[in-house]
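Residue-level listing of the chains:
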Amino acid sequence: MKPAVFLAIPLGKPFQDLLSGKFTLITDPAQRHEAEAILLAGASVTSAKEMDAMPKLRIIACIGSGHEGIDVGEATRRGIKVTNTVGANAAAVADLAVALLLASIRHVATGDRLMRAGVWRGDDAARLLFSPGLTGRKIGIVGLGAIGEKIATRLAAFETEIGYHSRNKREASPYSYFETPLALAKWADALVLAHRADETNRHMVNAEIIEALGPRGHIVNITRGSAIDEEALISALKSGALAGAGLDVFEGEPDHIRPELRELPNIVLTPHIGGASVEALRSMLDASVANLDAFFAGMPVPNPVTA
């Protein structure tokens, strides 16, 4: 018999058809108690209570690199394997990070709003005409993992200077290493957040970091909303203490996004679509299937998550 997999994330018919040849798919939450595996987004809450509701559960397969919603310790205690698809969507997320940075620095959203309103540049033309470009800027990347590396490669092609902070210095990296996020922010003109965000680094970007970037600085966040103190960010964008920001993730997403963020003119917002290209989704699905195939074949999984 084919292993039963509960789909806790909508995949669409083409992707479900790919899975149905290997697994018995469960899409009704009322039937999840029959599942041996669950396929979900890493931000989905999977606590002891949810595990109790799936007594046959043997593996939690996260689509994406994040797994902050999973109680990995509890899963390990129960003998439930946890996997992710680290690196599978790195190119797509890196693309969006660069798009958000360019949009913030070059006022793309502001220009779009003016043109749609029938206004040629508007009263504040200097902000559109005479703001610094991307070339020659110092870009700080927090987290030089699979996504951070691809962001750095892309931005280096724009003739920028790249610095980074991560848990460990990459000895073979050609980029400048900074011991702390604050040191990186003091050096950088723009900060791109690509680290593994969890409760240990909640609000890493706080008022002090934002102040260090300064009034010409920009912040891009494509990791998790918890990485930024949104109150401090909003205050800085309102006062001019920070030039702009590009956000793909939000602390209260999707239902409780701060209305002030939508009202600010110097911010670019996207609805957590960084890893959502067709190519990235297929790559993540393939990686998830590889994890499931290996597990049910009694082999080591390619991408285990440990407590």
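Structural data are supplied above this passage.
Rules used in this analysis
- For every chain, the first residue of its written sequence is number 1, and the numbers climb from 1 along that sequence.
- Since the coordinates come from a predicted model, pLDDT governs what is reported: local features require at least 70, and pairs of side-chain atoms require 80 or more to be given and counted, while whole-chain, interface and lining totals use all residues.
- Just so you know, side-chain values use all the structure's heavy atoms and leave hydrogens and water out.
- In DSSP terms, a helix is any run of H or I states spanning at least four residues, a strand is any run of E spanning at least two, and both are numbered starting from the N terminus.
- This radius of gyration counts C-alpha atoms alone. The globule rule is 2.2 Å times how many residues there are, raised to the power 0.38.
- The contact rule is simple, with two residues in contact once any of their heavy atoms fall within 4.5 Å.
- Note on areas: these come from Shrake-Rupley sampling with a 1.4 Å probe, and a residue is covered only by the protein chains present in the view.
- Lines fitted to C-alpha atoms define the axes, with helix axes restricted to the stretch in contact, and inter-axis angles between N-to-C directions lie between 0 and 180 degrees.
- Note on terminology: angles under 35 degrees are roughly parallel, angles over 145 are roughly antiparallel, angles of 65 to 115 are roughly perpendicular, and the others are oblique.
- Helix crossings are classified by the rotation of the near helix relative to the far one: an anticlockwise turn of less than a right angle makes the crossing left-handed, while a clockwise turn makes it right-handed.
- When residues are sorted by character, Ala, Val, Leu, Ile, Met, Phe, Trp, Tyr, Cys and Pro go into the nonpolar class, Asp, Glu, Lys and Arg into the charged class, and all the rest, Gly among them, into the polar class.
- Only protein chains enter the accessibility calculation, which uses a 1.4 Å probe; a residue is then buried when its area is under 20% of its type maximum, exposed when over 50%, and partly exposed in between.
- DSSP calls a pair of strands paired once it identifies at least 2 bridges connecting them.
- Contacts described as polar in this section are N or O atom pairs within 3.5 Å, which, within protein, must combine one atom able to donate a hydrogen with one able to accept it, while residues neighboring in sequence count only if both atoms come from side chains.
- Pairing of aromatic rings covers Phe, Tyr and the six-membered ring of Trp, with a centre-to-centre limit of 6.5 Å; geometry is then stacked below 30 degrees between planes, edge-to-face above 60, and tilted otherwise.
- Handedness rule for crossovers: strands pointing away from the viewer, path from the first strand over the helix to the second running clockwise, crossover right-handed.

Brief notes about the overall build of the protein
Link 1 in the chain: Along its length, the protein carries 12 helices and 12 strands.
Link 2 in the chain: A compact globule built from 307 residues should have a C-alpha radius of gyration of about 19 Å, and the protein, at 21 Å, falls within 12% of that.
Link 3 in the chain: For the protein, restricting intrachain contacts to residue pairs at least 6 apart in sequence, the fraction spanning at least 24 positions comes to 59%.
Link 4 in the chain: On the protein, roughly 14,900 Å² of surface is accessible, and the fraction owed to carbon and sulfur atoms is 54%.

Let's talk about the packing of helix H1 (residues 13-20) against helix H12 (residues 278-296)
Link 1 in the chain: At a closest axis distance of 12 Å, the pairing of H1 and H12 adopts a crossing angle of 20°. Here H12 runs roughly parallel to H1, going by the angle between their axes. The two elements H1 and H12 meet at a crossing, and its hand is right-handed. Where H1 approaches H12, its residues Phe-15, Leu-18 and Leu-19 are matched on the opposing element by Leu-281, Arg-282, Leu-285 and Val-289.
Link 2 in the chain: Of the residues contributing to the contact of H1 with H12, the split by class is 6 nonpolar, no polar and 1 charged.

Quick word on the environment of Phe-250
Link 1 in the chain: In this structure, Phe-250 sits in the loop between strand S11 (244-247) and helix H11 (259-263).
Link 2 in the chain: Classification of Phe-250 by relative accessible area gives buried; the value is 7%.
Link 3 in the chain: Separated by 132 residues in the primary sequence, Phe-250 and Gly-118 have C-alpha atoms spaced 31 Å apart.
Link 4 in the chain: Other than its neighbours up to four places away in sequence, Phe-250 contacts Gly-225, Glu-230, Ile-257, Leu-261, Leu-269 and Thr-270.

Section: the sheet that holds strand S6 (residues 138-142)
Link 1 in the chain: Pairing is parallel in the open sheet, where 7 strands are placed in the order S8-S7-S6-S9-S10-S11-S12. The open sheet is flanked by strand S8 (176-177) and strand S12 (267-269), the only strands paired with a single partner.
Link 2 in the chain: Both S6 and strand S9 (residues 190-193) contribute to a ladder of 4 bridges, which runs parallel. Residue pairing across strands places Gly-140 opposite Leu-191, the latter belonging to S9.
Link 3 in the chain: Most of the contacts of helix H7 (residues 146-156) go to S6, to which it runs at about 170°, and overall it touches S6, strand S7 (161-165) and S9.
Link 4 in the chain: Those strands touched by helix H10 (residues 230-239) are strand S10 (218-221), S11 and S12, and its axis lies near 140° from that of S11.

Overview of the side chain of Asn-201
Link 1 in the chain: Tracing the chain through its elements places Asn-201 in the loop between S9 and helix H9 (207-213).
Link 2 in the chain: Taking relative accessible area as the criterion, Asn-201 reaches 11% and is therefore assigned buried.
Link 3 in the chain: Polar side-chain contacts of Asn-201 include one of 2.9 Å to the backbone oxygen of Arg-196.
Link 4 in the chain: For Asn-201, the side chain forms a polar contact with the main-chain nitrogen of Asp-198, separated by 2.9 Å.

Some thoughts on the packing of aromatic side chains
Link 1 in the chain: In this structure the tally under the stated criterion is 3 aromatic pairs.
Link 2 in the chain: An angle of 55° between the planes, with centres 5.3 Å apart, marks the rings of Tyr-164 and Tyr-177 as tilted. Of the two residues, Tyr-164 is situated in strand S7 and Tyr-177 in strand S8; the sequence distance between them amounts to 13 residues.
Link 3 in the chain: Judged by relative accessible area, Tyr-164 falls into the buried class, the value being 0%.
Link 4 in the chain: On the basis of an interplanar angle of 80° and a centroid distance of 5.2 Å, the ring pair of Phe-295 and Phe-296 is categorised as edge-to-face.
Link 5 in the chain: For Phe-295, a relative accessible area of 17% corresponds to the buried category.
Link 6 in the chain: Note on Phe-296: relative accessible area 25%, which makes it partly exposed.

Here we look at the sheet that holds strand S5 (residues 81-83)
Link 1 in the chain: One open sheet holds the 5 strands; their spatial order is S2-S1-S3-S4-S5, and the pairing between them is parallel. The sheet is open, and its two borders are formed by strand S2 (24-26) and S5, each paired with just one other strand. Along the sheet, successive strands turn relative to each other by an average axial angle of 20°, direction set aside.
Link 2 in the chain: Both strand S1 (residues 4-7) and strand S3 (residues 37-41) contribute to a ladder of 3 bridges, which runs parallel. Within S3, the residue paired with Phe-6 across the bridge is Ile-38.
Link 3 in the chain: Packed on one face of the sheet, H1 meets S1, S2 and S3 and runs near 140° to S2.
Link 4 in the chain: Along the sheet, H12 contacts S3, strand S4 (59-63) and S5; its crossing angle with S4, the most-contacted strand, is approximately 165°.

Section: the pairing of S11
Link 1 in the chain: Burial of the side chains of S11 extends over both faces: Gly-244 and Gly-246 are buried on one face and Ala-245 and Leu-247 on the other.
Link 2 in the chain: In terms of handedness, the path from S10 via H10 over to S11 forms a crossover that is right-handed.
Link 3 in the chain: Across 3 bridges, S11 lies against S12 in parallel orientation. Bridge pairing in S12 links Gly-246 to Val-268.

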